[in-house]
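Structural characterization, general
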Amino acid sequence: MTAEPGGRPAPLEILGPDHGGGRLAEVLPSALAVLGVPGSTDPLGLVPALAGVRRIAVLLVDGLGWYQLPTAAPYAPTLAGLAATVARPLIAGFPSTTPTSLVSLGTGVAPGAHGVLGFTVRVPGTDRVLTHTDWAADPSPLRWQPVPTQLERARAAGVTTTVVSRPEFGGSGLTVAANRGGDFRGAVGGDAVATAMLAALAAGSGPTLVSGYHPDLDRHGHVSGVDSAPWRLAATEVDALVARLVDGLPPDAALLVTADHGQLDIPAAHRFDLDIDPRLRAGVRLVAGEARVRYLHVEPGAVDDVRAAWSEVLGAAARVRTRDEVVATGWFGPVPEEHLGRIGDVVVICNDTYAVMASRTERPMASKLVAYHGSDTAAELTVPLLVVRG
């Protein structure tokens, strides 16, 4: 597949783990290096550009992929201006899904180490599927995700740390896994997020780190599609949020804007449904993952049969691999033994704009959404990093 003008990969090009450029997991380690936290590395090279900065706000806009920036530009002039002057692409990581990316950002490590390896995963030794966005206290977030967060490291070094997100996410398993170590502030809507982030940024008398999250662009993309009227309105609201943060930055502060993944609209003709095709259920004990990356946990001895059946049914729509093969690609980084069982015995990675639904066993709305993400195309994996000084 040929690259787009400027040399960037075409949106549906499959990227490997060795694709060049920075990583989402490197954002907070580099921010901590700017703030002088001992032992912090600066893989993104932010220290020279942000010399003298003592306060950093990091805003993650859910669903604002690098390939969505041109689509948003007519409705988001601030974002468009920043994209043209202070933006660079990062790789979010695989699977390109919100829980995995949030914890990669928060911990600064690859998914294999932190263990949040998909939107939904099997709890090893059980037939339970854990949905990370609905996760409360079981399993314990401290055991399920054992890696110290970057906010914990910052706070231990004397940095004032704050997390701004929707009120219902306070104390959730995913928030604890990704952002423990920060004082939580609930905020609904872009204006409230900006107000809370700027207040936290101004409150500290010394080094300060504020992590903010805004979910609405992703939600409208899922429900209505990328570049739909609701998506455009959400892009306008994101632009207002970013503009307020830029305008309100103290002189010794910087703003970093990034995202967790991009999105692709999935046509109805490109949707398989594992719940109505007996060939896709044969030998499969439990299904996890999500529509673009499926984790299949199979009956004893059924790996080869399941792999063959899925390969025959899906054909060129997906790559069907064993767990060992996918781990060997390096996308997850090193995976400790205790995390391996969270990955399916067979992993189905969708190509192009294909997806595998589960209309009867997953949430009723899950198969009726318009846009999805999770796979390893450039449009899903590539996210922006915008760096603005006060």
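In case you missed it, the structure is sitting above this.
Not measured: the values here are computed from a predicted model.

Digging into the overall build of the protein chain
- A count of helices and strands for the protein chain gives 17 helices and 18 strands.
- Within the protein chain, the proportion of its 390 residues that are buried is 56%.
- Look at the contacts in the protein chain between residues 6 or more apart in sequence, and 75% of them connect residues 24 or more apart.
- As displayed, the protein chain has an accessible area near 14500 Å², and 57% of this comes from carbon and sulfur atoms.
- Each charge class in the protein chain can be summarised by its mean position, and for the 31 positive and 39 negative side chains these summaries are 4 Å apart.

Let's talk about the sheet that holds strand β14 (residues 318-322)
- Pairing in this open sheet of 4 strands is antiparallel, and the strands run β12-β13-β15-β14 from one edge to the other. Only two strands of the sheet have a single partner each, and these edge strands are β12 (284-290) and β14. The mean angle between the axes of side-by-side strands here comes to 20 degrees, regardless of whether they run parallel or antiparallel.
- As paired elements, β12 and strand β13 (residues 293-298) share 6 bridges and run antiparallel to each other. Along β13, the bridge assignment pairs Leu286 with His297.

Some thoughts on the pattern of salt bridges
- What the rule picks out here adds up to 19 salt bridges.
- Across the pair Asp277 and Arg279 runs a salt bridge, and its minimum N-O distance is 2.9 Å.
- What makes Arg279 partly exposed here is its relative accessible area of 49%.
- Here Glu380 and Arg292 are joined by a salt bridge, their closest N and O atoms 2.7 Å apart. Placement of Glu380 in helix α17 (residues 378-381) and of Arg292 in the loop between β12 and β13 is noted, with a sequence separation of 88 residues between them.

Details of the packing of aromatic side chains
- Per the counting criterion, the structure on display carries 4 aromatic pairs.
- Arranged with centres 6.3 Å apart and planes meeting at 35 degrees, the rings of Phe272 and Tyr354 form a pair that is tilted. Taken together, the positions of Phe272 in strand β11 (residues 271-273) and Tyr354 in the loop between β15 (346-350) and β16 (355-357) put the pair 82 residues apart, joining distant regions of the chain.
- Ring pairs connect the aromatic residues Phe94, Trp331 and Phe332, which therefore count as one cluster.
- Arg342 extends its terminal NZ or CZ atom over the ring of Trp144, reaching a point 3.4 Å from the ring centre.

Overview of the pairing of strand β2 (residues 55-61)
- Of all the 7 residues making up β2, 7 are buried; the element is thus mostly covered by neighbouring parts of the structure.
- Of the two faces of β2, both are covered, the one formed by Arg55, Ala57, Leu59 and Val61 as well as the one formed by Ile56, Val58 and Leu60.
- Where β2 and strand β8 (residues 208-214) come together, 7 bridges link them in parallel fashion. Along β8, the bridge assignment pairs Ile56 with Leu209.
- Bridge count for β2 against strand β9 (residues 253-258) is 6 bridges, and the pairing is parallel. In the sheet register, Leu59 faces β9, and the bridge partner there is Val257.

Side note on the environment of Ser375
- By the secondary structure assignment, Ser375 is in the loop between β17 (371-372) and α17.
- Residue class for Ser375 comes out buried when judged on its relative accessible area of 0%.
- Among all residues touching Ser375, those that are not within four sequence positions of it are Phe94, Ser96, Arg292, Val293, Arg319, Ile349, Cys350, Glu380 and Leu381.
- A distance of 2.7 Å separates a polar side-chain atom of Ser375 from the backbone oxygen of Cys350.

Observations regarding the sheet that holds β9
- Read across the sheet, 8 strands follow the order β1-β3-β18-β9-β2-β8-β6-β7 without closing on themselves; strand pairing throughout is mixed. Edge positions in the open sheet fall to β1 (22-23) and β7 (183-186), since each of these has one partner strand only.
- On top of the sheet, helix α1 (residues 27-34) reaches β1, β2, β3 (87-91), β8, β9 and β18 (382-389); it is set at about 165 degrees to β2, its chief contact.
- The strands touched by helix α4 (residues 77-85) are β3 and β18; relative to β18, the strand with the most contacts, the crossing angle is about 90 degrees.

Structural notes on the nonpolar core
- With 103 residues, the main nonpolar core has Val27, Ile56, Leu59, Leu209, Leu256 and Tyr295 as its most contacted residues.
- Beyond its immediate sequence surroundings of up to four residues, Ile56 is in contact with Ala31, Val34, Leu35, Leu201, Thr208, Leu209, Val210, Ala254 and Leu256.

So, helix α12 (residues 229-248)
- Here α12 contains 20 residues, and its C-alpha end-to-end distance of 29 Å stays within 8% of the 28 Å for a straight helix at 1.5 Å per residue.
- Buried within α12 are the following residues: Trp231, Ala234, Ala235, Val238, Asp239, Leu241, Val242, Ala243 and Leu245.

A word on the side chain of Thr208
- Its location among the elements puts Thr208 in strand β8.
- Among all residues touching Thr208, those that are not within four sequence positions of it are Leu35, Arg54, Arg55, Ile56, Val159, Thr160, Ala200 and Leu201.

Regarding the side chain of Thr258
- With respect to the helices and strands, Thr258 occurs in strand β9.
- Only 2.8 Å separates the side chain of Thr258 from the backbone oxygen of Pro384, close enough to count as a polar contact.
- Every residue in contact with Thr258, bar those within four places of it in the chain, is listed here: Leu24, Leu59, Leu60, Val61, Leu90, Val383, Pro384 and Leu385.

Rules used in this analysis
- Residues numbered from 1 in each chain as written.
- Predicted model: local features only at pLDDT ≥ 70, side-chain atom pairs only at ≥ 80, totals over all residues.
- Heavy atoms only, no water.
- Helix = DSSP H or I, 4+ residues; strand = E, 2+ residues; numbered from the N terminus.
- Buried < 20%, exposed > 50% of the residue type's maximum accessible area, 1.4 Å probe, protein only.
- Contact = heavy atoms within 4.5 Å.
- Areas by Shrake-Rupley, 256 points an atom, 1.4 Å probe, with all protein chains shown as cover.
- Lys, Arg positive; Asp, Glu negative; His and termini not counted.
- Charge placed at Lys NZ, Arg CZ, Asp CG, Glu CD.
- Pairing = 2+ DSSP bridges.
- Axes fitted to C-alpha atoms, helices over the stretch in contact; angles between N-to-C directions.
- Salt bridge = Lys/Arg side-chain N within 4 Å of Asp/Glu carboxyl O.
- Phe/Tyr/Trp six-rings, centres within 6.5 Å; stacked < 30°, edge-to-face > 60°.
- Lys NZ or Arg CZ within 6 Å of the ring centre and 35° of its normal.
- Polar contact = N/O pair within 3.5 Å; in protein donor to acceptor, adjacent residues only side chain to side chain.
- Core = buried A, V, L, I, M, F, W, Y, C linked by side-chain atoms within 4.5 Å.
- Expected span 1.5 Å × (residues − 1).

Honestly, it's all geometry; don't read function into it.
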